[in-house]
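Each chain, letter by letter, is given below.
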There are 2 protein chains.
Amino acid sequence: MVAVAGGLPIAVDAMGGDRAPAEVVAGAFRAVEELGIPVLLVGEPEYLAGLGNRPGVDFEAASEAVAMDEDPGKAVRQKRDSSLVRCAVAVREGRASAMVSAGNTGAAMASAVLRMGRLPGVLRPAIATPIPVPGSTPTVLIDAGANVDCSPAMLVQFAQMGSALAVERFGIEEPRVGLLSIGEEATKGNALVKEAHSLLAAGTAGPQVCFIGNVEGRDVMSDRVDVVVTDGYTGNVVLKTLEGGVKAVVGGVLGALTSTEEAKEAAKTAMPALMPLAEALDPDTTGGAVLLGVNGVCVISHGSSGAKAIVNAIRVAHHAVSEGLVARVEAVIGAQPAPGAAEHPKR
Amino acid sequence: MVAVAGGLPIAVDAMGGDRAPAEVVAGAFRAVEELGIPVLLVGEPEYLAGLGNRPGVDFEAASEAVAMDEDPGKAVRQKRDSSLVRCAVAVREGRASAMVSAGNTGAAMASAVLRMGRLPGVLRPAIATPIPVPGSTPTVLIDAGANVDCSPAMLVQFAQMGSALAVERFGIEEPRVGLLSIGEEATKGNALVKEAHSLLAAGTAGPQVCFIGNVEGRDVMSDRVDVVVTDGYTGNVVLKTLEGGVKAVVGGVLGALTSTEEAKEAAKTAMPALMPLAEALDPDTTGGAVLLGVNGVCVISHGSSGAKAIVNAIRVAHHAVSEGLVARVEAVIGAQPAPGAAEHPKR
């Protein structure tokens, strides 16, 4: 057990996720014990009371919980005393330094946007998800699903915010930012991509953003690019396509390695060599997505998060706070006001 | 060597692809020898003259070739005697039953559309690409890149055409057709997807299309769905994302299995079990994409096609001809005219 650091705790939504509250609480306890990061567990008072007192763990009661399939906007408006909303309020009121939730993604986003507020000049907050790249730092995919219909100006801001995250989280000095398209030439892509390309190529994102041009789907899981910019529809499709593809291939390999007695024996021998890859590809290791553009740190872990995923999400949130992620995003957006900031996407 | 079948040959673009003409010609010869499918090799006369006479192989001279990075529209308009254009003309004029090219995809499409023509009622031809699914039939992804900006009515036709292909190519009696989105609910997706969902849910694609609702990226490489409908921008991103993802994972596994002496030994033992998976994931096995909606069979193999990919592309083209793919597409489109057929996408 390491010493618990001083400072504000990370607010953890104890009721959010398919395996909440047990796995979430187990993860929060591990973050305190193994990383020395203080936490504020937010959830049903009866459940929390049963956990007993521990150093580094504070509790906050929330009488409601948002279900995984609830309508996000409605849930956040109506369940003002839900654990999710309470986490965001704790950050806004200065009782926590960041929030972590494995619950309803849309509701987590809405809570953060409504309770913490947008940073000045931000058109739309966006979800940045790290995609594991075997043998290299992860690629930041932004927007991974917050905004399904986007304007070119929004994509320029995603480039700015994603770049700030790659610097903070992965220590990349000058992250290479690529625009997701279907060919490297500036003329390739749909109408949105072509307009965004013009803006980015003209330097609209500012000198802090190193725009390397269009990238393709095959570059996402490679070391060719550090930040991949796209609209939230395409980004979410890419994220889930990779999830499915990796699962199919890994499942195929495991199936093959258990299909014969010889293969099973061989697999036992090869396992130590395969473990680092399995670890690198495990989304629980990466530590969750971040909502960028809001006035606070909000880390969203996937719905099926177990204790390990929660530990890593808390670690990521703590790092974002200590490395000043919000100030970095504010600075990069503030330095270069959005082109046609009034331009909003058609709905 | 099997007997060469009678009937029209398959026109093969001998000059198309990164490894043309040598690998393309080798593949065409193998198709004749191993499958008994006659071919019409179209390419530079000097090169073809040097190949000598063989049963089942005809030649047609084309004085030009379209480069892989040439502008498709311009190339097809200006290079009327290119091997690619000549292949399409051979199909139109009844000297070949289908065309196969591993060359410039855009130019292959443009040649087919301009020389073979669209089928009646088709708004826009689309590329259908089979995605390998370990342990199951491939999933048809349509549109995989022909039309970057699409209207909802176009997506309805992609559902119709993709369904016809799944029946013909994979013998699936009632293919399950899904619309690619970011959630299963009808309310999820961008504006295009939501409108297309309404049309498909209302049965606009006709009784032959079994619409199962929205599917997500993770379903593409699974056996949950047989045909995945999307616009050409998203489809191309999905295709290349999967390519990159599969490559990263397979590369990671191979890297791990050669990282230590123990792992290398184990890998040798496990290899026979792993081979069927490697074979299933190899795009050369699947046999190439098909351009649907034109008045002829046009199979597009990937640019780096070797002989094996060409053999399979010719096999796929031959199957499409003998199973009446074009008539099937014509029937499914004709049975259910496009909703708002005048509606064209904004450019």
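Predicted, not measured: the structure shown is a model, and the values here were computed from it. (Residues numbered from 1 in each chain as written. Chains lettered and ligands numbered in written order. Predicted model: local features only at pLDDT ≥ 70, side-chain atom pairs only at ≥ 80, totals over all residues. Heavy atoms only, no water.)

*Asks:* Teacher, can you tell me more about the domain arrangement of chain A here?
*Replies:* The extent of an interface is frequently quoted as the accessible surface area lost upon association of the parts. Domain parsing of chain A yields domain 1 (10–117) and domain 2 (126–284 + 330–334). For domain 1 of chain A versus domain 2 of chain A, the distance between C-alpha centres works out to 28 Å. (Domains from an automatic or database assignment.)

*Asks:* Would you take a moment to explain the nonpolar core for this structure?
*Replies:* General note: in soluble globular proteins, nonpolar side chains tend to be found buried as a group. The biggest cluster of nonpolar side chains holds 244 residues, and the ones touching the most others in it are I314(A) and I314(B). There are two domains that each give this core at least three residues, and those are domain 1 (10–117) and domain 2 (126–284 + 330–334) of chain A. Other than its neighbours up to four places away in sequence, I314(A) contacts I10(A), V12(A), G27(A), A28(A), A31(A), I37(A), V39(A) and V100(A). (Core = buried A, V, L, I, M, F, W, Y, C linked by side-chain atoms within 4.5 Å. Buried < 20%, exposed > 50% of the residue type's maximum accessible area, 1.4 Å probe, protein only. Contact = heavy atoms within 4.5 Å.)

*Asks:* What should I look at first to understand the sheet that holds strand β8 (residues 210–215) of chain B in this one?
*Replies:* The strands making up a sheet are joined through hydrogen bonds of the backbone, oriented either antiparallel or parallel. Residues and elements named next belong to chain B. What the 11 strands build is an open sheet, ordered β3-β2-β1-β4-β11-β10-β5-β6-β9-β7-β8; its pairing is mixed. Here the strands that pair on one side only, and so sit at the sheet edges, are β3 (57–61) and β8. Across the sheet, the axes of successive neighbouring strands diverge by a mean angle of 25°, strand direction being ignored. As paired strands, strand β4 (residues 98–101) and strand β11 (residues 297–300) are joined by 4 bridges and run parallel to one another. Bridge assignment links M99 to a residue of β11, and that residue is C298. (Pairing = 2+ DSSP bridges. Helix = DSSP H or I, 4+ residues; strand = E, 2+ residues; numbered from the N terminus. Axes fitted to C-alpha atoms, helices over the stretch in contact; angles between N-to-C directions.)

*Asks:* It is not clear to me how the packing of aromatic side chains should be interpreted in this structure. Could you clarify?
*Replies:* Centre distance and the angle of the planes are the two values used to describe a pair of aromatic rings. This structure, assessed with the given rule, holds 0 aromatic pairs over all chains. Cation over ring: R54(A) sits above F29(A), and NZ or CZ is 3.8 Å from the ring centre. (Phe/Tyr/Trp six-rings, centres within 6.5 Å; stacked < 30°, edge-to-face > 60°. Lys NZ or Arg CZ within 6 Å of the ring centre and 35° of its normal.)

*Asks:* What is the right way to read the pattern of salt bridges from this model?
*Replies:* Working definition: two side chains of opposite charge can pair if their charged atoms are close together. Counted by the stated rule, this structure contains 42 salt bridges over all chains. Among the ionic pairs, R95(B) bridges to E60(B), the shortest N-O distance being 2.3 Å. Remark: E60(B) occurs in strand β3 and R95(B) occurs in the loop between α4 (83–92) and β4; sequence separation between them is 35 residues. By relative accessible area, which is 30% here, R95(B) ends up partly exposed. Residue E60(B) is classed as buried on the basis of its relative accessible area of 12%. Here K79(B) ties to E70(B) by a salt bridge, and the two come within 3.0 Å at their closest N and O atoms. Three or more residues are tied together by salt bridges with common partners; here these are E60(A), D81(A), R86(A), R92(A), E93(A) and R95(A). (Salt bridge = Lys/Arg side-chain N within 4 Å of Asp/Glu carboxyl O.)

*Asks:* Would you mind showing me how to read the relation of the copies chain A and chain B here?
*Replies:* Copy one and copy two of the chain differ by a rotation about an axis and a translation along that axis. Between the two copies, chain A and chain B, the superposition gives an RMSD of 0.0 Å; the rotation angle is 180° and the shift along the axis is 0.0 Å. Both copies of the chain, as the preceding transformation shows, are related through a two-fold rotation axis. Using C-alpha coordinates, one finds that chain A approaches the rotation axis most closely at A266(A), a distance of 2.2 Å. Of the residues that chain A buries at the interface, 100% are likewise interface residues in chain B, meaning the two copies contact each other through the same surface. (Least-squares fit on C-alpha atoms with pLDDT ≥ 70 in both.)

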